[in-house]
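Coordinates in review
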Amino acid sequence: MKKFYQTICLSLIGIAACAQMDSKLKARLDVQVQELEPKIIEWRRYFHEHPELSNREVKTGARIAEQLKALGLEVQYPVAKTGVVALLKGSKPGPVIALRADIDALPITERNSLPFASKEKVMFSGQETGVMHACGHDGHMAILLAVAEILSKNKTELRGTIKFIFQPAEEGAPVSDGVSGAELMIKEGVLENPKVEAIFGLHIQSLLPSGQLAYRSGGLMASVDGVDIRVKGQGAHGATPWDSVDPIVISSQIINGLQTIVSRQTELTKDGAVITIGSMHAGIRRNIIPEEAMLEGTIRAFDDNMQKKIHADIIRTATKIAESAGGKAEVNIQVMYPATVNDAKLTEQMAPSLQRAAGVENVKITLPVTMAEDFSFFQQKVPGFFFFLGAYPADMKLDKQPTHHTADFMIDEKALTTGVKALINLTMDYMMMNSKK
Ligand code: NI
């Protein structure tokens, strides 16, 4: 690996500085990260105890803004409803980069008996529910606050400007809120003034060992779209199906037909894809053939063209199957998040920084993940690099580790400093590579 670093340095002589920050500075920053660890854990516990749902992160946003103002940064709050953006200008000229953390929690009642477990309650979709940071966003906020604090103190070493983006509503806001999260932040100009040229972000991953980092060039996380299919038939007595156009039988044929899109019509050696029908509603009584049936599903893909083709395939398959039975299918596809695609050049450039932050043995190449992330909207505008931070405790068996979005979800707080070091290394190294001496 050492040889690899040297190659990068040599190849860049004359164009820019060496690809990585000086090792003395790195060692000094590492010490500062370790010294800040108790505070990082305290921040994470505060956010964990006070979770707020998407676009409702009022106290969370205020607390972040207050912390960033205390560091002397230029702070904008609120942005995109409850988000916070802060600017840190380094003493030396160089590129503008953005670092992003998401700040929202989920409608889940926490089952952990931690002293800082959430006791928050809200009404959600007409039901009372607990609120919980069950995806690790509490850790993301603590990590980014720590990066802001440490780099603010080392402003004289910074070659460029950092935009800290604390983004609301990653988990998806209520439809009535309209455009939200990363998409709204971009609309409100978060990537402009000054213009961001690259963006970095991480996600805690509960099934990756604590302290490890994982990344992938290209499609890292899937796009997500919703599909609703209303199947219209003709009602009749259950005893005389020849009088009906049975929407239940048509629906079952459509479900089977949709399963052949991924298995028979998608080039799976290029990238994976998923079509899941997760809800099917029709009928009220065993001997009444209803007039309509309703199907709801989710679509995942890693490639824009494949995603568009799957949409067209779904519409054709559902409408033609319904027509062949004398019925009708109305297909409504809701395009939600694009795929999280790591820029190939940026990934190649920056992977050594992850290795330097966590140790070569602790950095893995991951398989693509079929969950989605709205970090993808930023990556559609500027080259971006997103990676995973392992956070499952070493003393726990992997099969006992609760997964994301569950009531038992928990993380190993020791992983947080690895996240801070990773973002600091990426920032400092990127600035080194992309500023003129
Ligand atoms: Ni998440």
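What you see is a predicted model; the values in this text were computed from it and never measured.

A look at the overall build of the protein
Counting secondary structure elements, the protein contains 10 helices and 18 strands. Here the C-alpha atoms of the protein give a radius of gyration of 24 Å, agreeing with the 22 Å that 2.2 N^0.38 yields for 437 residues. Overall, the C-alpha framework of the protein stretches about 85 × 50 × 45 Å when taken along its three principal axes. Counting every position in the protein, which comprises 437 residues, the buried fraction comes to 55%. By sequence separation, contacts in the protein at least 24 residues apart represent 81% of the contacts at least 6 residues apart.

Some words on the coordination of the nickel ion
Ideal geometry at a metal centre: 109.5 degrees between donors when four sit tetrahedrally, and 90 or 180 degrees when six sit octahedrally. Ligation of the nickel ion by protein atoms is provided by C135 (SG), H137 (NE2) and H203 (NE2), these donors lying 2.1 to 2.4 Å from the ion. Of note, the donors binding the nickel ion are all from one chain and are spaced C-x1-H-x65-H. Within this pair, whereas C135 is found in the loop between β5 (127-130) and α4 (137-153), its partner H203 is found in strand β7 (residues 198-209), the two being separated by 68 residues in sequence. Both residues of the pair, C135 and H203, belong to the buried class.

A word on the sheet that holds strand β14 (residues 292-301)
Spatially, 4 strands are ordered β12-β14-β10-β15 in an open sheet, and the strand pairing comes out antiparallel. Sheet topology places β12 (273-282) and β15 (328-337) at the edges, where each strand pairs with a single neighbour. Sheet twist, expressed as the mean angle between neighbouring strand axes with direction ignored, is 15°. Strand direction decides the pairing type here: strand β10 (residues 223-232) and β15, joined by 9 bridges, are antiparallel. Pairing of R230 across the sheet is with E330, part of β15. Along the sheet face, helix α6 (residues 247-265) touches β10, β12, β14 and β15 and points at about 170° away from the line of β12.

Digging into the domain arrangement of the protein
Taken domain by domain, the protein holds domain 1 (2-221 + 339-434) and domain 2 (223-337). Of note, the centres of domain 1 and domain 2, computed from C-alpha atoms alone, are 38 Å apart. Note on domain 1 versus domain 2: buried area summed over both sides is about 910 Å², and carbon and sulfur give 62% of it. Looking only at domain 1, the three residues that lose the most surface to domain 2 are A339, T370 and A372, adding up to 49% of its buried area. For the pair domain 1 and domain 2, the interface holds 0 salt bridges. Inspection of the domain 1/domain 2 interface yields 2 residue pairs in polar contact (both at pLDDT 80 or more). Within the residue set of the side of domain 1 that touches domain 2, elements represented by two or more residues are β9 (218-221) and α9 (375-381). With 3 residues, the single largest contributor to the side of domain 1 that touches domain 2 is β9. Across the side of domain 1 that touches domain 2, the residue classes tally to 10 nonpolar, 4 polar and 4 charged.

Section: the sheet that holds strand β18 (residues 384-392)
Across the sheet, which stays open at both edges, the 8 strands sit in the order β1-β2-β6-β3-β7-β18-β8-β17 with mixed pairing between neighbours. Every other strand in the sheet has two partners, leaving β1 (74-79) and β17 (363-365) as the edge strands with one partner each. The mean angle between the axes of side-by-side strands here comes to 25°, regardless of whether they run parallel or antiparallel. In this sheet, strand β6 (residues 159-167) lies alongside strand β2 (residues 83-89) in antiparallel orientation, the contact comprising 6 bridges. Bridging from a neighbouring strand, V85 pairs with I165 of β6. In the packing of helix α3 (residues 58-70) onto the sheet, contacts are made with β1, β2 and β6, and the angle to β1 comes to roughly 170°. Along the sheet, helix α8 (residues 344-358) makes contact with β7, β8 (213-215), β17 and β18, crossing β18 at roughly 30°.

Considering the packing of aromatic side chains
Throughout the structure, instances matching the rule amount to 7 aromatic pairs. With 5.8 Å between their ring centres and 25° between their planes, F385 and F387 make a pair best called stacked. A connected cluster of aromatic rings, assembled from ring pairs, spans Y215, F385 and F387. The ring of Y46 carries the charged tip of R63 above its face, separated from the ring centre by 4.3 Å.

Some words on the nonpolar core
With 72 residues, the main nonpolar core has V147, F164, F166, F200, F387, L423 and I424 as its most contacted residues. Broken down by element, this core gets its largest block of residues, 12 residues, from helix α10 (residues 415-434). Core analysis: the second largest hydrophobic core is formed by 27 residues, I165, M185, L208 and V382 among them.

Thoughts on the pattern of salt bridges
In this structure the tally under the stated criterion is 19 salt bridges. Put simply, D138 and R44 hold a salt bridge, and the shortest N to O gap is 3.0 Å. Here R44 lies in helix α2 (residues 23-49) and D138 lies in helix α4, a separation of 94 residues in the sequence. Taking relative accessible area as the criterion, D138 reaches 1% and is therefore assigned buried. Assessed through its relative accessible area of 3%, R44 is described here as buried. With its nearest N and O atoms 2.8 Å apart, the salt bridge here joins K232 to E330.

A closer look at the pairing of strand β4 (residues 121-124)
Of the strand pairs in this sheet, β4 and β5 are connected by 4 bridges, and their pairing is antiparallel. The residue of β5 that forms the bridge with M123 is E128. Linking two consecutive strands that pair antiparallel, namely β4 and β5, is a turn of 2 residues; a positive phi of about 50° is found at S125 within it.

Here we look at the environment of K153
Looking at where K153 falls in the secondary structure, it is placed in helix α4. Along the sequence, K153 and L71 sit 82 residues apart, while their C-alpha atoms lie 8.5 Å from each other.

What counts, and where the lines are drawn
What you see as residue numbers is a count from 1 along each chain, following the sequence as written. Local features in this predicted model are restricted to residues whose pLDDT is 70 or higher, and side-chain atom pairs enter the listing and the counts only when it is 80 or higher, whereas totals over whole chains, interfaces and linings include all residues. Hydrogens and water are ignored here; the side-chain numbers use all heavy atoms of the structure. Going along the chain from the N terminus, every DSSP run of H or I of four or more residues is numbered as a helix, and every run of E of two or more is numbered as a strand. Computation of the radius of gyration draws on C-alpha atoms, with the globule rule given as 2.2 Å multiplied by the number of residues to the power 0.38. When accessible area is computed with a 1.4 Å probe and restricted to protein chains, residues below 20% of their type maximum are described as buried, those above 50% as exposed, and intermediate ones as partly exposed. Residue contacts are counted whenever heavy atoms from the two residues lie within 4.5 Å of one another. Metal donors were taken as nitrogen, oxygen and sulfur atoms no farther than 2.8 Å from the ion, or 3.2 Å where the ion is Na, K or Ca. Water is excluded, so coordination may look unfinished. In this description, strands pair whenever DSSP reports at least two bridges between them. Every angle, taken between N-to-C directions, lies between 0 and 180 degrees, and every axis is a line fitted to C-alpha atoms, over only the stretch in contact when it is a helix. Reported domain spans reflect what an automatic or database domain assignment gives. As a working definition, buried area equals the accessible area (1.4 Å probe) given up by two parts on being put together, with both sides summed. By definition, a salt bridge exists where a carboxyl oxygen of Asp or Glu is found within 4 Å of a side-chain nitrogen of Lys or Arg. Polar contact is the term for a pair of N or O atoms within 3.5 Å; when the atoms are in protein, one must be able to donate a hydrogen and the other to accept it, and sequence-neighboring residues count only if both atoms are side-chain atoms. Following the grouping adopted for this structure description, the nonpolar residues are Ala, Val, Leu, Ile, Met, Phe, Trp, Tyr, Cys and Pro, the charged ones are Asp, Glu, Lys and Arg, and the polar ones are all others, Gly among them. Two aromatic rings, drawn from Phe, Tyr or Trp (for Trp, its six-membered ring), form a pair once their centres lie within 6.5 Å of each other, and the interplanar angle then sorts them: stacked below 30 degrees, edge-to-face above 60, tilted otherwise. In our convention, an over-ring charge means Lys NZ or Arg CZ found within 6 Å of a ring centre and within 35 degrees of that ring's normal. Working definition of a nonpolar core: buried Ala, Val, Leu, Ile, Met, Phe, Trp, Tyr and Cys residues. They are joined through side-chain atoms within 4.5 Å.

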